[in-house]
Amino acid sequence: MKRRCRQISLTAFLLFITVISYSQNPPAEKAGKSAYVSGKVLDENERPLSRVSIIILGQSKGLLTNDSGYFRIKVPVDKAFALVFSYAGRNTEQKNFMLNENEEEVISIRLERGEKTLEEVIVTDQRERREAGLIKPNPKTILNLPSAVTGVESLIKIFVGSNNELTSQYSVRGGSYDENLIYVNDFEIFRPYLVRSGQQEGLSFINPEMVRSISFYNGGFQARHGDKMSSVLDIQYKKPKKFGGSAFISILEQGLQLEGADKKNKFSYLLGIRNRSNRNLLSRQETKGNYVPSSSDFQALLTYQFSPKWQAELLSNISQTRFTLIPQTSQLTSSVISPFFSATIGIDVFFEGREKDQYLTNMLGFSLTNQVNKKLRLKWMASRFENDERENLDIIGAYIFGDRDFDQRNATFGAIVNPLGAGVYQTWARNTLKIENWNISHKGNYDQGNHAIQWGLAFDKTRINDRLNEWEFQDSAGYSLPYQPDLLRLNKVLKTAASLDINKFSGYIQDNILLGDSVKSTTITVGVRFNYNSLNNEMLISPRVGASWKPGGKKDIIFRAAFGAYHQPPFYRELRRFDGTVNKELKAQKSWQGVAGFDYNFIGLNNRPMRWTTELYYKHMTDVVPYDIDNVRLRYFGENNAKAYAAGLEMRLNGELVPDAESWITLGIMKTGEDIENDFFKVYKLDSLNQPIDSSVTQHGYLRRPTDRRVTFGMYFSDYLSTNKNFKVYLNLLYGGNLPYNIPGSVKNRNAAFINPYIRADIGFSALLMDENRSKRRSHSPFRNFENIWASLEIFNVIDRANTISYLSIKDFSNTTYLLPNRLTPRLINFKIVARW
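Note that the coordinates shown come from a computational prediction; the quantities given were computed from them, not determined experimentally.

When charged atoms on two side chains of opposite charge get close, those side chains can pair. Counted under the stated rule, the structure contains 37 salt bridges. Close ionic contact of Arg-173 with Glu-615 constitutes a salt bridge, the shortest N to O distance being 2.8 Å. Remark: Glu-615 occurs in strand S28 (residues 609-624) and Arg-173 occurs in the loop between helix H4 (152-160) and strand S9 (180-184); sequence separation between them is 442 residues. Residue class for Glu-615 comes out buried when judged on its relative accessible area of 1%. The residue Arg-529 makes a salt bridge to Asp-227 at a minimum N-O spacing of 3.1 Å. Taken together, the residues span a long stretch of sequence, with Arg-529 in strand S24 (residues 521-533) and Asp-227 in the loop between strand S11 (211-217) and strand S12 (231-237) at a distance of 302 residues. In this pair, the class of Arg-529 matches that of Asp-227, namely buried. Salt bridges linked by common partners bring Arg-173, Arg-560, Asp-599, Arg-611, Glu-615, Glu-650 and Arg-652 together as one network.

Here's what the structure looks like:
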């Protein structure tokens, strides 16, 4: 297995370097072969048009017509291509060709006046390249990304890896799902906490149709970005200036988005409503039954500009997710782990009962911004978040296991032909959770010469009320487990209630210093955070420093580094022990992290600008709260009884291989481990009758963490036909190495099992049904005000790989553990239509 992982890592690394080398050294055209297209470009009155832009579709270089409207351009030979003719204030024209060697075609092009106006030009600077760990993808990429779950998080998974297409949660550089911060317009966003599997998840909070900018920090982020150990996702929504909107319909999801502003641009609104059902995704899973998942939400962003210096903003969200499952049967292939043997067997499970879950979320945030002058900006914020979750579960599974007949010639094909045992298990739960979080905060920044000083203060009041009432019963061959004569024992019982009232104070101050000029410069960022938590009366101080250096010379390269403390106060899930009790003395998990790398811009394939980013990182963590992962549910130990580390290398290549078609390639290599206190067990020496005659005590030391995925590879590729930009293709490819899996309740068998590598490929094809040229539409057409309409065909899991997310463990009377794999989604076809106006 280790050798195979090294081979895959080497192959992925060589592929990455090959792409970079090829991009920097594109192949030259074959010498001696040429063809030409020449002619004139005229207006609607047959008058010549000068300075009309003419380019070959997919290339950046071209030429302009002369004063007589004449042009002559060298073009490819024996290959289909298209010429694009464009001129400000007139409709763009495209002509397709295929010429032989030494052939010249003479044409005449007429450009008519159109309604299209010049697009807004956005000027950006190099500050985003100077921050360690910062990735800024194009928000338009989200709308085209073929993925089972539409959203910003699906794009983030290309950069950090994934092992579950059904969830919007992600792990960054060896961290857990709970180590990621999410902001929308500077308001912190929270997720449901009782969710056990990706099947139960609903819509992500972030509505991709409303997004204006994405800033994702996968490590080394500045002091202004909060108290988490792994990442920050900072989303800014659009501020509309005119009426518009979009609507989309697909097999899985539907949505409507409206935006607009008044005549004076003082008041603007941005509204979004979505509905999603994963029934088609879940209906083909190995557990057959009646799946009824549904999720819907409504979001609104209202902005009012009182004056050039004062602006108010209101952000609201209401979301509801319901999940009902009535399982029937399941046929699985299981791995067996035992002190005496290992094998692969078949298990048939027959279910009774149902699961019914409900998650209600609402959020309201208000902000007031004062641009005092060009140097000073102040912002005050207040928000309330509420999460109301309910779980109802009562499912009985009767199973039989043994050798399964895989010979298709037999009448017993697919059935258990050599039974090894049978049993029954029952899972029952009635859980409720209600979380309220109130926040009042202030942020400010002051620019003075080469200094940009930023500061912030915040107060959070969190109320948590929960009631856990769940148990599991296991029966094998008529005996309940754990077995005790004349006594019925349940395998696991949680019956607790908690009411917590937590006050948190936090703040930061940092200075961004710029030395030098745009050609050769150095930036230094120095900052510090503090955080006080009334639950455990712990005060945290987190200093952070970052630097970047842009040397002079022809190469556009920036070196950057960051170092600092990233301490994470405990929240709801970390406080819960395995037995359901709450540890109110739990301290914050602490880490010191270092990041170093470079960001290099160069001209690649087809003379297109490309960017290559590489970063090395190391995390040293203490007071760690260990956890196990079951699907997307994290079960913490509830104690600061471990220390851990994470080290790795990440490389990214991104750019537009052809104009207006962004692509990304990411390769990550990482190792993360943890050393848990008192994780010792006894090893017995047995005689010929398997009776113990001696024993010794063994302690594990450092083991792989549940998120230890050694190799990750992600690619998002977009392109269009060389002769028609209106037909596009998008490819989303993900690979992640194997993950360790811990046998529940077994110290000895921690890291004893593995989840196989996650491999998934999704592909999408899009065609433009209606473009933005409205001059040819009739006045009474119902589509006369539409900007464009696209139709997409998406194929999820093209290779139809049965990826495993977790295992269901079942024990027999001899204490043999059988692991039943919980599979993810098979191949599925999705159709989508998107209209914008």
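Bringing H4 into the picture now. By the criterion of burial, H4 is predominantly enclosed, with nine of the nine residues buried. Every buried residue of H4 is listed here: Val-152, Glu-153, Ser-154, Leu-155, Ile-156, Lys-157, Ile-158, Phe-159 and Val-160. Looking one or two residues beyond H4, the residue adopting positive phi is Gly-161, at roughly 90°.

A few words now on the packing of aromatic side chains. One pass over the structure, following the stated rule, counts 23 aromatic pairs. Summarising the aromatic geometry, the rings of Phe-221 and Tyr-566 are spaced 5.0 Å apart at their centres and angled 75° between planes, so their arrangement reads as edge-to-face. Here Tyr-566 lies in the loop between strand S26 (556-565) and helix H6 (572-575) and Phe-221 lies in the loop between S11 and S12, a separation of 345 residues in the sequence. Like Tyr-566, Phe-221 is buried. Here the aromatic rings of Trp-549 and Phe-559 are separated by 5.9 Å at their centres, their planes lie at 25°, and the arrangement is stacked. Placement of Trp-549 in strand S25 (residues 538-550) and of Phe-559 in strand S26 is noted, with a sequence separation of ten residues between them. Owing to a relative accessible area of 41%, Trp-549 belongs among the partly exposed residues under this scheme. On the basis of relative accessible area, Phe-559 is assigned to the partly exposed category, the value being 35%. Through successive ring pairs, a cluster of aromatic residues spans Trp-549, Phe-559, Phe-598 and Trp-612. A cation over an aromatic ring shows up here: Lys-443 above the ring of Tyr-183, its NZ or CZ 5.7 Å from the ring centre. One Lys or Arg, Arg-635, reaches over the ring of Phe-578 and ends 5.2 Å from the middle of that ring.

Taken together, the side chains of Arg-322, Arg-354, Lys-356 and Arg-430 make up a positively charged region of the molecular surface. Among the structural elements, Arg-322 can be located in strand S17 (residues 310-337). By relative accessible area, which is 36% here, Arg-322 ends up partly exposed.

Applying the stated criterion across every chain yields a total of five cavities of 30 Å³ or more. The calculated volume of the largest cavity comes to roughly 320 Å³. In this structure, the largest cavity is lined by 21 residues; those nearest its centre are Arg-191, Pro-192, Leu-203, Ser-204 and Phe-205. At the level of elements, S17 and strand S18 (344-371) are the ones that each hand at least two residues to the lining of the largest cavity. The element best represented in the lining of the largest cavity is S17, accounting for three residues. Across the lining of the largest cavity, the residue classes tally to eight nonpolar, nine polar and four charged. For the second largest cavity, the lining is made up of 16 residues, of which Leu-468, Arg-576, Arg-633, Leu-634 and Arg-635 are closest to its centre. For the lining of the second largest cavity, the secondary-structure elements that each account for two or more residues are strand S21 (451-476), H6 and strand S30 (633-636). For the lining of the second largest cavity, the element with the most residues is S30, which contributes four residues. Partitioned by chemical class, the residues of the lining of the second largest cavity number eight nonpolar, two polar and six charged.

So, about the sheet that holds strand S5 (residues 81-86). Sheet architecture is open: four strands sit in the order S3-S2-S5-S6, paired in antiparallel fashion. With partners counted over all chains shown, the strands left at the sheet margins are strand S3 (62-64) and strand S6 (93-97), one partner each. Between one strand axis and the next, the sheet turns through 20° on average, direction left out of account.

What follows concerns the environment of Ser-162. Structurally, Ser-162 is set in the loop between H4 and S9. Classification of Ser-162 by relative accessible area gives buried; the value is 10%. Each C-alpha atom, one on Ser-162 and one on Arg-709, is 9.6 Å from the other, the two residues being 547 residues apart in sequence. Here Ser-162 is in contact with Lys-157, Arg-709, Leu-734 and Tyr-758, once residues within four sequence places are set aside. Among the polar contacts listed, one links the side chain of Ser-162 to the backbone nitrogen of Asn-164, at a separation of 3.2 Å.

Turning our eyes to something else, we now look at the confidence of the model for the protein. In this model, the protein carries a mean pLDDT of 83, and residues with pLDDT of at least 70 account for 87%. Taken element by element, the predicted model of the protein shows its lowest mean pLDDT in helix H1 (residues 2-24) (47) and its highest in strand S15 (residues 267-276) (94). Counting interchain partners and residues more than four positions distant, the pLDDT-below-50 stretch residues 16-31 has 26 contacts. Within the model, the stretch residues 116-125 combines pLDDT values under 50 with four contacts to residues more than four positions away or in other chains.

On the surface, a nonpolar cluster with roughly 790 Å² of combined accessible area is contributed by Phe-267, Leu-302, Tyr-304, Phe-306, Trp-310, Leu-314, Leu-364, Phe-366 and Trp-380. Per element, the largest residue contribution to the nonpolar patch is three residues, and it comes from strand S16 (residues 287-307). As for its position among the elements, Trp-380 is in strand S19 (residues 376-404). Residue Trp-380 is classed as partly exposed on the basis of its relative accessible area of 36%.

The next point concerns the sheet that holds strand S1 (residues 35-42). Pairing is mixed across the open sheet formed by three strands, whose spatial order is S4-S1-S7. If you trace the sheet from one side to the other, it starts and ends with strand S4 (70-75) and strand S7 (104-110), each paired once. In this sheet, adjacent strand axes meet at a mean angle of 25° when their direction is disregarded. Here S1 pairs with S4 via six bridges, running antiparallel. Following the sheet pairing, Gly-39 is matched in S4 by Phe-71.

The subject of this paragraph is the nonpolar core. Grouped together as the largest cluster of nonpolar side chains are 66 residues, with contacts concentrated most on Val-152, Ile-206, Leu-233, Ile-235 and Tyr-237. The element that contributes the greatest number of residues to this core is H4, accounting for six residues. The residues touching Tyr-237, leaving out its near neighbours within four places in the chain, are Val-184, Asn-185, Phe-205, Ile-206, Asn-207, Met-210, Val-211, Arg-212, Leu-270, Gln-299, Leu-301 and Leu-315. Ranked by size, the runner-up nonpolar core spans 19 residues in total, among them Val-77, Leu-99, Ile-109 and Leu-111.

Criteria and cut-off values
- Residues numbered from 1 in each chain as written.
- Predicted model: local features only at pLDDT ≥ 70, side-chain atom pairs only at ≥ 80, totals over all residues.
- Heavy atoms only, no water.
- Salt bridge = Lys/Arg side-chain N within 4 Å of Asp/Glu carboxyl O.
- Helix = DSSP H or I, 4+ residues; strand = E, 2+ residues; numbered from the N terminus.
- Buried < 20%, exposed > 50% of the residue type's maximum accessible area, 1.4 Å probe, protein only.
- Phe/Tyr/Trp six-rings, centres within 6.5 Å; stacked < 30°, edge-to-face > 60°.
- Lys NZ or Arg CZ within 6 Å of the ring centre and 35° of its normal.
- Patch = residues over 30% accessible without salt bridge, like charges linked within 9 Å, V, L, I, M, F, W, Y side chains within 5 Å.
- Areas by Shrake-Rupley, 256 points an atom, 1.4 Å probe, with all protein chains shown as cover.
- Lys, Arg positive; Asp, Glu negative; His and termini not counted.
- Charge placed at Lys NZ, Arg CZ, Asp CG, Glu CD.
- 1 Å grid on protein atoms, 1.4 Å probe; cavity = no way out; pocket = protein on both sides within 12 Å on 5 of 7 lines; lining within 4 Å.
- Points joined across faces, edges and corners; volume = space filled by probe spheres on them.
- Nonpolar A, V, L, I, M, F, W, Y, C, P; charged D, E, K, R; others polar.
- Pairing = 2+ DSSP bridges.
- Axes fitted to C-alpha atoms, helices over the stretch in contact; angles between N-to-C directions.
- Contact = heavy atoms within 4.5 Å.
- Polar contact = N/O pair within 3.5 Å; in protein donor to acceptor, adjacent residues only side chain to side chain.
- pLDDT = per-residue confidence, 0-100.
- Core = buried A, V, L, I, M, F, W, Y, C linked by side-chain atoms within 4.5 Å.

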